[in-house]
Amino acid sequence: MERVVVEMPRTPRRRAEGQQRRADQKRYLRSLAGKKGAARPKNAAERRARVQRILAILDERYPNVTCALHHSNAWELLVATILSAQCTDERVNKVTPGLFAKYPTIEDFANVSQAELAKDIHSTGFFNNKAKSVIGAAKKILGEFGGEIPREIDKLLTVPGAARKTANVVLGTAFGIASGVVVDTHVSRISQRLDLTKNADPVKIERDLIQAVPQERWISFSHQMIHFGRGICVARSPKCVECPMTALCYSEDRTA
Ligand code: SF4
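About the thresholds
- Residues numbered from 1 in each chain as written.
- Predicted model: local features only at pLDDT ≥ 70, side-chain atom pairs only at ≥ 80, totals over all residues.
- Buried ≥ 20, exposed ≤ 12 C-beta atoms within 10 Å, placed from the backbone.
- Helix = DSSP H or I, 4+ residues; strand = E, 2+ residues; numbered from the N terminus.
- Contact = placed C-beta atoms within 7 Å.
- Axes fitted to C-alpha atoms, helices over the stretch in contact; angles between N-to-C directions.
- Parallel < 35°, antiparallel > 145°, perpendicular 65-115°, else oblique.
- Left-handed = near helix turned anticlockwise from the far one by under 90°.
- Nonpolar A, V, L, I, M, F, W, Y, C, P; charged D, E, K, R; others polar.
- Core = buried A, V, L, I, M, F, W, Y, C linked by C-beta atoms within 7 Å.

Novice: Teacher, can you tell me more about helix H10 (residues 185-193) here?
Specialist: An α-helical segment advances 3.6 residues per turn. Residues three or four places apart therefore align on the same side. Listed in full, the buried residues belonging to H10 are His186, Val187, Ser188, Ile190 and Ser191. As for H10, its buried residues are in contact with helix H11 (202-212) and helix H12 (218-231). After H10 finishes, the residue aspartate 195 shows a positive phi value of roughly 60°.

Okay, here's the thing in structure tokens:
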């Protein structure tokens, strides 16, 4: 997933193309100023300028956001993320303090029965599947990774309960490793509304976002989009009157 950037010598033609691209971007951004209904970008330069503007707005609005799941190490974050499937972060944050007090080590999770753990996490929903995943994850991490959460996405994806979204959350938040873009329900919905993807499948959405968003922004972009989706660009009746993206948004879901 690492990007390899090959520096090419700047020929006069490449310089001219670069100047043209920057002029197109500036013209596009000027055309947005003060507008409510946004024009669609017409070419690659305008698309890039639009994405840069979206990222700048997210930075202005959500400068220091991070993962809302409480945790004190990578293992706890992995467990909390598994529990957060089909459940709110608030609910998970109510369950995890007692859970981590009862099972302070990975070994404790590996040794508990599925029925017992399912009872402990009952209020997060899908408790049997989640208990099976957490116990399986603990056994895998102890048996194959020496008790350490793997820092390579390919290895982390072999851990029970760690699909791409979970793996990206853990690597990005616990280790600061930009392995991909976390695509949850908020990121999916807003990416579609802002025309950053035309796909509905999370794996394809992530592929589109990886292309559109610079790698150094993958981690913060996901957190910012999740906050934006919880507060403004909500699923039903998005709060477009409060939205800082109106000049960039031509979604059919717009309410203002
Ligand atoms: S809140 Fe409205 S204007 Fe803002 S991104 Fe969502 S749909 Fe577009």
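Novice: Help me understand the environment of lysine 204, please; the structure alone is not making it clear to me.
Specialist: Structurally, lysine 204 can be placed in helix H11. When the 13 C-beta atoms within 10 Å are taken as the criterion, lysine 204 is described as partly exposed. Considering only alpha carbons, one finds lysine 204 and valine 183, 21 residues apart in sequence, at a separation of 9.9 Å.

Novice: When you look at the packing of helix H3 (residues 74-83) against helix H4 (residues 89-102) in this model, what are you seeing that I'm missing?
Specialist: Angle between the axes and distance between the axes: these two values describe a pair of packed helices. At a minimum axis separation of 10 Å, H3 and H4 run at an interaxial angle of 135°. By the angle class used here, H3 and H4 are oblique. The way H3 lies across H4 gives a crossing that is right-handed. Counted together, Glu76, Ala80 and Leu83 of H3 and Val92, Val95, Thr96 and Phe100 of H4 form the full contact between these two elements. Class assignment for the residues of the contact of H3 with H4 results in five nonpolar, one polar and one charged.

Novice: Quick question: what am I supposed to make of the packing of H3 against helix H7 (residues 127-144) here?
Specialist: Relative orientation of the contacting elements H3 and H7 amounts to 160°, with a least axis distance of 10 Å. With respect to each other, H3 and H7 are oriented roughly antiparallel. Crossing of H3 over H7 shows right-handed handedness. Together, Leu78, Val79, Ile82 and Leu83 of H3 and Lys130, Ser133, Val134 and Ala137 of H7 make up the contact between the two elements. Each residue belonging to the contact of H3 with H7 can be placed in one class, and the counts come to six nonpolar, one polar and one charged.

Novice: I tried to follow the nonpolar core on my own but got confused; where do I start?
Specialist: General note: in soluble globular proteins, nonpolar side chains tend to be found buried as a group. Judged by nonpolar contacts, the single largest core of 57 residues is most densely connected at Leu78, Val134, Ala137 and Val170. It is H3 that provides the largest number of residues to this core, a total of seven residues. Not counting residues within four places of it along the chain, the set of residues in contact with valine 170 comprises Ala74, Leu77, Leu78, Thr81, Ile149 and Leu156.

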